[in-house]
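# Structural overview
Below, each chain spelled out in residue letters.
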Amino acid sequence: MSQITTHILDLSLGMPARGVAAILYRGTGADRTELGQGVTDTDGRISRWLGDETLPGGTYSIIFASGRYFADRGVDTFYPHVEIVFGVAEGGAHYHVPLLLSPWGYSTYRGS
């Protein structure tokens, strides 16, 4: 398992959101660097963005293609994408970034 993982639940279905494309970045704005891409599995998870290396501390973000996910299901949505920006401390802790998603809103928190 990599140091950063994610899990998406589609609240409108009450099920994991499978098939959501996402990109992991380090940094923000013009200075950000893509670290990896993934697509959620049947349980709505991406657990292998990277290898097992320890990431340096700093600001990271995940951009989820929520608009494409809902469009593929024929569902209108307000958000073409969801970007979650979060901080990683030095030391190699695990960061789990869950996303609770619906066509009209979303929520996130630091998971375990």
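The structure we're discussing is the one just above.
These numbers were taken from a predicted model, which means no experiment stands behind them. (Residues numbered from 1 in each chain as written. Predicted model: local features only at pLDDT ≥ 70, side-chain atom pairs only at ≥ 80, totals over all residues. Heavy atoms only, no water.)

### A look at the pattern of salt bridges
By the definition in use, this model includes two salt bridges. Note that Arg-32 and Glu-83 form a salt bridge whose closest N and O atoms lie 3.4 Å from each other. Of this pair, Arg-32 sits in the loop between strand S3 (21-26) and strand S4 (33-39) while Glu-83 sits in strand S7 (residues 82-88); the two residues are 51 residues apart in sequence, bridging distant segments of the chain. With a relative accessible area of 34%, Glu-83 lands in the partly exposed category. The salt bridge partner of Asp-43 is Arg-45, with a shortest N-O separation of 2.7 Å. On the basis of relative accessibility, which here comes to 34%, the residue Arg-45 falls in the partly exposed class. (Salt bridge = Lys/Arg side-chain N within 4 Å of Asp/Glu carboxyl O. Helix = DSSP H or I, 4+ residues; strand = E, 2+ residues; numbered from the N terminus. Buried < 20%, exposed > 50% of the residue type's maximum accessible area, 1.4 Å probe, protein only.)

### Description of the packing of aromatic side chains
Following the criterion strictly, the structure yields four aromatic pairs and no others. Ring centres of Tyr-69 and Phe-70 lie 4.9 Å apart, and the angle between their planes is 70°; on these two criteria the pair is classed as edge-to-face. The burial state of Tyr-69 is the same as that of Phe-70; both residues are buried. Here the aromatic residues Phe-78, Tyr-79 and Tyr-106 are joined through ring pairs into a cluster of three or more. In this arrangement the basic side chain of Arg-32 is found over the ring face of Tyr-25, its NZ or CZ atom lying 4.2 Å from the centre. (Phe/Tyr/Trp six-rings, centres within 6.5 Å; stacked < 30°, edge-to-face > 60°. Lys NZ or Arg CZ within 6 Å of the ring centre and 35° of its normal.)

### Topic: the pairing of strand S8 (residues 95-102)
Taking burial as the measure, the eight residues of S8 include seven buried ones, the bulk of the element. Note: S8 against strand S9 (residues 105-108), four bridges, orientation antiparallel. Looking at the pairing, Leu-100 lines up with Ser-107 of S9. With antiparallel pairing between neighbouring strands as the criterion, S8 and S9 make up a hairpin whose turn holds two residues. (Pairing = 2+ DSSP bridges.)

### Observations regarding the nonpolar core
One finds Ile-4, Trp-49, Ile-62, Phe-64 and Phe-86 to be the most contacted residues of the largest nonpolar core, which totals 23 residues. Elements supplying a minimum of two residues to this core: strand S1 (4-10), S3, strand S6 (58-64), helix H1 (66-71), S7 and S8. Among all residues touching Trp-49, those that are not within four sequence positions of it are Ser-2, Ile-4, Thr-5, Thr-6, Ala-22, Ile-23, Leu-24, Leu-35, Gly-36, Gln-37, Gly-38 and Ile-62. (Core = buried A, V, L, I, M, F, W, Y, C linked by side-chain atoms within 4.5 Å. Contact = heavy atoms within 4.5 Å.)

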